[in-house]
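What the coordinates show
Each chain, written out:
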Protein chains: 2
Amino acid sequence: MLSKNQIKHIRSLHQKKFRNELGLFIAEGPKLTEELLQSGYRVKEVYLLADALPDFQKNYATNKPEYFEVSRKDLERISTLKTPNDVLAVVEIPAIKPDYSKIFEQAILILDDIQDPGNLGTIIRSADWFGIKTILCSKNTVEAFNPKVVQATMGSICRVDVFYLDLALFFERAPTSYPFYGTLLEGQSIYQFDFEKACAIIIGNESRGISREVQNFVKEKIKILPYQRDDKETAESLNAAVAASLVMAEYRRQQSKKT
Amino acid sequence: MLSKNQIKHIRSLHQKKFRNELGLFIAEGPKLTEELLQSGYRVKEVYLLADALPDFQKNYATNKPEYFEVSRKDLERISTLKTPNDVLAVVEIPAIKPDYSKIFEQAILILDDIQDPGNLGTIIRSADWFGIKTILCSKNTVEAFNPKVVQATMGSICRVDVFYLDLALFFERAPTSYPFYGTLLEGQSIYQFDFEKACAIIIGNESRGISREVQNFVKEKIKILPYQRDDKETAESLNAAVAASLVMAEYRRQQSKKT
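Residue and element names in this part refer to chain B. Spatially, the six strands line up as an open sheet ordered E7-E6-E5-E9-E8-E10, and their pairing is parallel. Lying at the two open borders of the sheet, with one neighbouring strand each, are strand E7 (161-164) and strand E10 (220-223). Ignoring which end each strand starts from, the neighbouring axes of this sheet average 35 degrees apart. As judged from the four bridges shared by strand E5 (residues 108-111) and strand E9 (residues 200-203), these two strands associate in the parallel manner. Directly across from Leu109, in E9, lies its bridge partner Ile201.

The structure is reproduced here in structure tokens:
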């Protein structure tokens, strides 16, 4: 059984404030825990139901963190999910910084104030799928170690680096040859557009799009065209995670054709 | 001020059971209410804050439903949102059926047990964007008039028809010439694939994919390829709404090139 203090400690990680203070986050479910254990992340503690124990012991003998068998009731107390998923891991937030000597040699994603945790998680998952390993976020973007983000990444948080920084400062230190593409209403169709191999794709906030300040640094405006019917209205915009995924897919399609 | 009975009535619509029984659903926010009022939907009642009243009276003089000014407290009581958005509409669920004389002349989307309301809402929004007007859902797919779905459509629920039916029966009555494309792991890349103009795109459940039963009716298997890196693992799958959107985008891109 978990002590009151243990429960309090883990529950504090439901809040951003304590995640930052303690440098820890929560990940749930056997699959995600498995992926984190095999990745470079440092899993500090694992709390799991008796049923989940044999699998855990069989598969992680070599990489075993401290673990505690807990009752279903206790798991419900510490879980961030409505229906807890057998295993909860407490994991260290990695202390990594962008490598400015390499960042401009690759394709990266830049998020300008994405607010919805599900959207950020889905974007990280799609970035992983399309081989984009670095995401830079404005300081007002939702936190990548928010439990809802972590769960929505479906493990991709292990393979994509997410950094938070002052975007304007970042743009200013970028080489002038490095292209920043921004998704904007007046842009040209991504299908008529030629993506450079090393480039940054900027995705704006769910309701406001890319901020004025960041727009100043956009070198090429790109857009996903809606299907036009004269007689009918159409959607005004796409979901931000969908838009980001469509642009990354098209970037990757073009690069695959070139090689 | 709303009576206890009014509040109880509206709150009952938070539940699927009562939505079905009463044939009503809830939509929130001035923008969504505006779109519903301009669409073919029948808006029965509108509940709104005093602040939202002038705009509402100015813009909907000709199409005005019964409306009630409510306090912020009452709006919180009847809202499905954590932060209510000024206006709440009670709307009739339309009594429409698929038109089998026309359905096989167009591109449609088929959803096999999509469970997440946010995913369904996002799929409806993307379908609207890419000009796909009809979505057929298996009976176990999450309900389109679930408040979370309605909100995630961002108004596209007004322009896309969503039907629930026994998919096996539907497949059996389809003409043999009508192609069903299914997103499956062993499929061919959507970018190497030639979509017919009239076709159905089938998207499976978030964790199980397309069910065995539905797979029997898939004529061509398609797939969104991940970026392959030899040295690294990659995401196992894409979010279902992202996958659906990528396939619809590619369908639309191909059709636009042909015209």
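There is more to say after this.
Residue and element names in this part refer to chain A. Each assigned domain of chain A is listed with its residue range as follows: domain 1 (4-92) and domain 2 (103-258). Between the C-alpha centres of domain 1 and domain 2 the distance comes to 31 Å. Of the residues lining the interface, 14 residues belong to domain 1; the matching set on domain 2 comes to 11 residues. Here domain 1 packs against domain 2, burying approximately 1,100 Å² in sum over the two surfaces, 58% of which is carbon and sulfur. Summed over the shared surface of domain 1 and domain 2, the result is two salt bridges. Between Arg19 and Glu143 there is a salt bridge, with its nearest N and O atoms 2.5 Å apart. For the interface between domain 1 and domain 2, the tally reads five residue pairs in polar contact (both at pLDDT 80 or more). Contributing elements (two or more residues each) for the side of domain 1 that touches domain 2: helix H2 (16-22), strand E1 (24-28) and helix H3 (30-38). Among the elements that make up the side of domain 1 that touches domain 2, the one with the highest residue count is E1 (four residues).

One pass over the structure, following the stated rule, counts 34 aromatic pairs over all chains. Arranged with centres 4.5 Å apart and planes meeting at 40 degrees, the rings of Phe25 of chain A and Phe145 of chain A form a pair that is tilted. With a gap of 120 residues between them, Phe25 of chain A in strand E1 and Phe145 of chain A in the loop between strand E6 (134-137) and helix H7 (147-152) connect regions that are remote in the sequence. Owing to a relative accessible area of 11%, Phe145 of chain A belongs among the buried residues under this scheme. Measuring from centroid to centroid gives 6.5 Å for Tyr41 of chain A and Phe145 of chain A, while their planes differ by 65 degrees, and the two rings are edge-to-face. One end of the pair, Tyr41 of chain A, is in the loop between H3 and strand E2 (43-48); the other, Phe145 of chain A, is in the loop between E6 and H7, with 104 residues separating them in the sequence. Like Phe145 of chain A, Tyr41 of chain A is buried. Taken together, Tyr100, Phe104, Phe170, Phe171, Tyr178, Phe180 and Phe217 of chain A form an aromatic cluster joined through their ring pairs. For the cation-ring pair, Arg252 of chain A lies above Tyr227 of chain B, with the distance from its terminal atom to the ring centre recorded as 3.6 Å.

Cut-offs applied
Residues numbered from 1 in each chain as written. Chains lettered and ligands numbered in written order. Predicted model: local features only at pLDDT ≥ 70, side-chain atom pairs only at ≥ 80, totals over all residues. Heavy atoms only, no water. Pairing = 2+ DSSP bridges. Helix = DSSP H or I, 4+ residues; strand = E, 2+ residues; numbered from the N terminus. Axes fitted to C-alpha atoms, helices over the stretch in contact; angles between N-to-C directions. Domains from an automatic or database assignment. Contact = heavy atoms within 4.5 Å. Buried area = accessible area lost by both parts, 1.4 Å probe. Salt bridge = Lys/Arg side-chain N within 4 Å of Asp/Glu carboxyl O. Polar contact = N/O pair within 3.5 Å; in protein donor to acceptor, adjacent residues only side chain to side chain. Phe/Tyr/Trp six-rings, centres within 6.5 Å; stacked < 30°, edge-to-face > 60°. Buried < 20%, exposed > 50% of the residue type's maximum accessible area, 1.4 Å probe, protein only. Lys NZ or Arg CZ within 6 Å of the ring centre and 35° of its normal.

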